[in-house]
Amino acid sequence: MIKRIILIHLGVLFSLVGFSKNSNKELGVVPQPKHIELTHASKSFVLDQKTVVSYGDGLSNIASYLGDRLSQSTGYSVRQEAKTSRVGIRLEVNRSLSDNDGAYTLVSSKKRVTIIGATPKGVFWGVQTLLQLLPPEVYSKSVVNNVDWKIPSVKIEDAPSFERFRGVHIDISRHFRTKKEILQTLDMMAMHKMNVLHLHFSDDDGWRIESKVYPKLTAVGSQGDRSSKGKGDFHFLTQEDVKEIIAYANARYIEVLPEIDMPGHMHAVVRSYPDLASDKDPRKKKKVIRIDEKGATFCRNILKEMVDLFNQPSEFHLGFDEVNLGAKIYTDEEINAFASQMAKYVKDELNTTPILWDDAFEKGIHNPDYLIQWWRFGLIAWWKTLEMPMDQKLLKLDQPFILSPGNYTYFDMSNTPKDPGARWGGAISVAQIYAWEPLLDLTNYDPSKRSLVKGIICAVWSEKIRNMDTFEERVYPRLAVMSEKCWATDGNTNDKLSWEDYRDHVLSKQLKRYDVIGVNYWSKGAPDKLKQLKSAKKVGKK
């Protein structure tokens, strides 16, 4: 009898999985929900002038967000009411729904759409799904007439596989991104259910965040960019800009992760305060700061100021990559000692979790209370061959880490070998990202160590990205496919559309939404470029 019951449940599960795939082929939700079922195709919910968004406790901000979005494109005066309603759109929290903060259910019928989240965060992700169930014109910034604003009858159960990090890293040092451009990117991140904006504020080409403690960092160090070689205009975010970005991000359930890279990649600091230059750096253009007490004092002061500005962020990124790139400045032991000193300060004194690039881990930083961001795939290093792949070593030593392997997640790489962009990681097409299995592709992956993998951050380094048009061409539609990896990665490859089905049914619908928004994505105006991509595993350079 027990065996029969198990078989029945398995049959129902497999039926649901298959139906889920086919349903989303028609609906095109990105990232694809865990379970989605079309119910009554002829009984859609129709938005009209009388539609009301009702909401439970603590959800007024999400109701306003949804109401404003719907009103802007439909022209209807979508009201929001803090009371229960049997009609219209209903937003609720039920903390017993799941222990996954991002979990939600969405049920729509002819008279009502109900979104229930395990937390307000889950409700917000459910709202993103609701918007994608509507015609793409819902993303218009102005009223669109003659559109049937219908939401199909569906049942959706969904939750992210990676709860902590579904991130986008933006390098605003080499070439600057304005506050307006960052806010636009946050809207796009919310659409894709991404939850961390990682901002790389400092590098050799410019210091991009105001400091009250060290004002010359912007008065001197923010001048110019990679193209102008330190001349021309000054580019940086004021502290008020940063506060506005944080508030805008938080309203979309996105956290801003600040990064101040140290002690290398600091020519902008040395330009501003020459006495901080390392006397061991033999180059005329010094890029490494001293790591004695004077250098440590500078780092502690700037970290304290930034942690206060970001109102005690969950994590702070300290960099510690490529210190010896181009010249042998410090020994591994010296780098390890300084990294340990700064990480301990951030953890113990600032009560924030430090994140470091995997270079620091290679040199001996192994601590379960820290996070390592893994970027060097295979045995790649600029100055030597690694003893074992970095992901294998992270798993072996039980070190918590974030996935950012350069041969899949570095969006500054060219989309195809024929396109412009960086080359060292090889071209990265959306088809290759779709074929990537973030967990199963780890070297010697052991499922029992799944908890060590905290999520994915895709990186947009800006050496070759001068303007927003190029930025968007590199990011989209890659972000759509990467959101699938962030949201639905669980080590199970059976419940997955073929690349061709995903491209022609799901991604094609997302591109229509991009067209309404006005995004300059790769293959825009040239759909054959996307059609020509074949499903393929990425073969990275070693």
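Data block above holds the structure.
Now for a quick tour of the structure.

Calculation notes
Chains are numbered independently. Their residues run from 1 in the order of the written sequence. The predicted origin of the model limits local features to residues at a pLDDT of at least 70 and limits the giving and counting of side-chain atom pairs to 80 or more, whereas totals for whole chains, interfaces and linings rest on all residues. Computation of side-chain values: all heavy atoms of the structure, hydrogens and water removed. Two strands pair under a simple rule: DSSP has to find at least two bridges between them. By the criteria applied, helices consist of DSSP H or I runs no shorter than four residues and strands consist of E runs no shorter than two, each listed in order from the N terminus. For helices, the fitted line uses only the C-alpha atoms of the stretch in contact; every axis is such a line through C-alpha atoms, and the angle between N-to-C directions lies from 0 to 180 degrees. Here the expected length of a helix is defined as 1.5 Å per residue gap, with one fewer gap than residues. Residue exposure (1.4 Å probe, protein chains only): buried if accessible area is under 20% of the type maximum, exposed if over 50%, otherwise partly exposed. Think of it as the arc spanned by the lines of direction from the helix axis to the C-beta atoms. Whether two residues touch is decided by their heavy atoms; if any such pair falls within 4.5 Å, the residues are in contact. Salt bridges are defined by distance alone: a side-chain nitrogen of Lys or Arg within 4 Å of a carboxyl oxygen of Asp or Glu. In these notes, a set of buried Ala, Val, Leu, Ile, Met, Phe, Trp, Tyr and Cys residues joined through side-chain atoms within 4.5 Å is what counts as a nonpolar core.

1. What about the sheet that holds strand β4 (residues 79-81)?
In space, the seven strands of this open sheet follow the order β1-β9-β6-β7-β5-β3-β4, with mixed pairing throughout. One side of each edge strand has no neighbouring strand; the edge strands of this open sheet are β1 (35-38) and β4. Taking each pair of neighbouring strands and ignoring which way they run, the sheet shows an average axis angle of 10°. Bridge count for strand β6 (residues 104-108) against strand β9 (residues 154-158) is four bridges, and the pairing is antiparallel. Within β9, the residue paired with Tyr-104 across the bridge is Asp-158.

2. Here's the deal with helix α6 (residues 239-250)
Think of an α-helix as turning once every 3.6 residues; residues three or four places apart then point the same way. Relative to the 16 Å expected for 12 residues at 1.5 Å per residue, α6 spans 16 Å between its end C-alpha atoms, a close match to the ideal helical length. Taken as a whole, α6 has its buried residues at Gln-239, Asp-241, Val-242, Ile-245, Ile-246 and Ala-249. Seen along its axis, α6 keeps its buried residues to an arc of 150°; they face one direction. Of the surrounding elements, those touching the buried residues of α6 are α4 (179-191), β14 (255-262) and α8 (293-309).

3. Points about the pattern of salt bridges
Scanning the model with the defined rule gives 35 salt bridges in all. Here Lys-243 makes a salt bridge to Glu-240, at a shortest N to O gap of 3.4 Å. In this pair, Lys-243 and Glu-240 both sit in helix α6, three residues apart, roughly one turn of the helix. Classification of Glu-240 by relative accessible area gives exposed; the value is 53%. Three or more residues are tied together by salt bridges with common partners; here these are Asp-171, Arg-174, Asp-203, Asp-205, Arg-226 and Glu-463.

4. Concerning the pairing of strand β10 (residues 165-171)
Buried residues dominate β10, accounting for seven of its seven residues. Both faces of β10 are covered, namely the face carrying Phe-165, Gly-167, His-169 and Asp-171 and the face carrying Arg-166, Val-168 and Ile-170. Bridge count between β10 and strand β19 (residues 453-460): six bridges; the pairing is parallel. Residue Val-168 lies in a different strand from β19, and its bridge partner there is Cys-458.

5. Topic: the nonpolar core
Ranked by internal contacts, the top residues of the largest apolar core, which has 161 residues, are Ile-89, Leu-91, Leu-130, Leu-303, Phe-320 and Phe-401. Here this core takes eight residues from α8, the largest share from any one element. Those residues in contact with Ile-89 that sit more than four places away from it in its chain are Phe-45, Leu-47, Thr-51, Val-52, Val-53, Ser-54, Leu-66, Leu-70, Val-113 and Leu-130. Membership of the second largest hydrophobic core comes to seven residues, among which are Phe-165, Val-196, Leu-257 and Ile-402.

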